[in-house]
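Spelled out from the first residue to the last, the chains are:
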Amino acid sequence: MSSPDRLPPVCVVILNWNNAAYTLRCLRSVTEAQYPDLTIIVVDNGSTDSSVAAIRERYPQVHLLALERNLGYAGGNNAGIQHALGLSPRYIFLLNNDVTIAPDALRHLVTAAEQHPEAAFLGPKIYHLDHPDRIQSAGATLDLLWRSHQRGLDEPDEGQFDKLEEVDYVIGAAVLIRAAALSQVGLLDDRFFLYREDVDWCLRARRLGYKILYVPQARVWHRSHHVRADELPRTTYYMTRNSLMLIAKHRGGIARLSAVLLRHLLTALTWTLRPKWRGKKAERDALIRGIIDFFRGRTGQGYE
């Protein structure tokens, strides 16, 4: 454990894909962080716009990894984590590029990690970027069907989640990782490609005896996730397929798998029969495709 006046080295990993404006804003908040031993890594996930040039021009000091193609959330972040591990940090701070952080956020996360060596992953209090006083996530829980529930979602922050505590998982938008734990837990499972890989990661860590901690003193702001209409089928596909993959991978039981499968099938039936959902045809087709691809064993990038 480091002395209070000498904080251990941290690598920040930020994933960019065709959105330099958000990444540059994120980088500004990170470079203004009150943390002395910080290395910043930006992974460009096969962008086709001018992201790489813009980031390199504004922040020449960051480690910029330009991938040839989009490897998804898991694959892109894994590339950054592997690069970070080569620099021997004690912690890796994984950030979505549409997150901004309070200047002392990283210091609070690292201090908590140093005080709780049993924690593999630690998450901050996350607020909505467009409603900065409203909570987006104060750690997350899983219900009996392993559906995610963000604690405090959309609630004004009135101190109701001001206790450092163990949670089921913390979302991948902002998570501090104990680098030494990765030798046991492993990297993100890139078979998920997009969505639910953070849940899988935390389940694996907990199975090995690690804890997942929520640190309320650390504050960050994350853009509200409003999916464009043309992106809804893609989101539906991955959420459907990966919800089934998660249960199968962790041997959640035939009853749980059957219940989730039935829920998806009923949704598809509703989107087919009810007139008010006629506009959901593309999403319905994506949902069915997600189910079929699960049973076919198709993983990774499955929707283009």
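Residues numbered from 1 in each chain as written. Predicted model: local features only at pLDDT ≥ 70, side-chain atom pairs only at ≥ 80, totals over all residues. Heavy atoms only, no water.

**Student:** Looking at this structure, I do not really get the pattern of salt bridges. What am I missing?
**Tutor:** Two side chains carrying opposite charge are able to pair once their charged atoms lie near each other. For the structure shown, the criterion picks out 16 salt bridges. We note a salt bridge from Asp293 to Arg296, for which the minimum N-O separation is 3.0 Å. Of this pair, Asp293 and Arg296 are both found in helix α9 (residues 281–296), three residues apart, which corresponds to roughly one turn of the helix. The exposure class assigned to Asp293 is buried, which follows from its relative accessible area of 2%. (Salt bridge = Lys/Arg side-chain N within 4 Å of Asp/Glu carboxyl O. Helix = DSSP H or I, 4+ residues; strand = E, 2+ residues; numbered from the N terminus. Buried < 20%, exposed > 50% of the residue type's maximum accessible area, 1.4 Å probe, protein only.)

**Student:** Mind showing me how you'd approach the packing of aromatic side chains here?
**Tutor:** Any two aromatic rings considered together are summarised by their centre-to-centre distance and by the angle between their planes. Going through the model one piece at a time under the given rule, you end up with six aromatic pairs. Relative to Tyr238, the ring of Phe193 has its centre 5.5 Å away and its plane inclined at 25°; by these criteria the two rings are stacked. With Phe193 in the loop between α5 (182–185) and α6 (197–207) and Tyr238 in helix α7 (residues 232–249), this pair connects stretches of sequence that are 45 residues apart. Each member of the pair, Phe193 together with Tyr238, is buried. Between Phe294 and Phe295 the ring centres are 5.0 Å apart and the planes differ by 70°, which places this aromatic pair in the edge-to-face class. (Phe/Tyr/Trp six-rings, centres within 6.5 Å; stacked < 30°, edge-to-face > 60°.)

**Student:** What should I look at first to understand the nonpolar core in this one?
**Tutor:** A general feature of soluble globular proteins is that nonpolar side chains tend to end up buried together. Membership of the largest hydrophobic core comes to 99 residues, with the highest contact counts inside it found for Phe93, Leu95 and Phe121. With seven residues, strand β12 (residues 211–222) is the single largest residue contributor to this core. (Core = buried A, V, L, I, M, F, W, Y, C linked by side-chain atoms within 4.5 Å.)

**Student:** Help me understand the environment of Trp17 in this model?
**Tutor:** Along the chain, the position of Trp17 falls in the loop between β1 (10–16) and α1 (20–31). Among all residues touching Trp17, those that are not within four sequence positions of it are Asn45, Gly46, Ser47 and Asn70. (Contact = heavy atoms within 4.5 Å.)

**Student:** Would you take a moment to explain helix α2 (residues 51–58) for this structure?
**Tutor:** Along an α-helix, residues three or four apart share an orientation, since each turn contains 3.6 residues. Among all positions of α2, only Ser51, Val52 and Ile55 are buried. Viewed along the axis of α2, the buried residues span an arc of 95°, placing them on a single side of the element. Of the exposed residues in α2, the ones pointing more than 90 degrees away from its buried face are Ala53 and Glu57. Against β1, α1, β2 (38–44) and β3 (63–66) lie the buried residues of α2. (Arc of directions from axis to C-beta.)

**Student:** Explain the pairing of strand β6 (residues 119–128) to me, please; I cannot follow it from the model alone.
**Tutor:** Residues in a regular strand point their side chains to alternate faces of the sheet. Taken across its 10 residues, β6 has 10 buried, putting it largely inside the fold. As defined by bridge partners, β6 adjoins β12 across nine bridges and the pair is classed as parallel. By the bridge assignment, Tyr127 is partnered in β12 with Trp221. Both β6 and strand β7 (residues 135–137) contribute to a ladder of two bridges, which runs antiparallel. Opposite Tyr127, over in β7, you have Ile135 as the bridge partner. Hairpin connection of β6 to β7: six residues between the antiparallel strands. (Pairing = 2+ DSSP bridges.)

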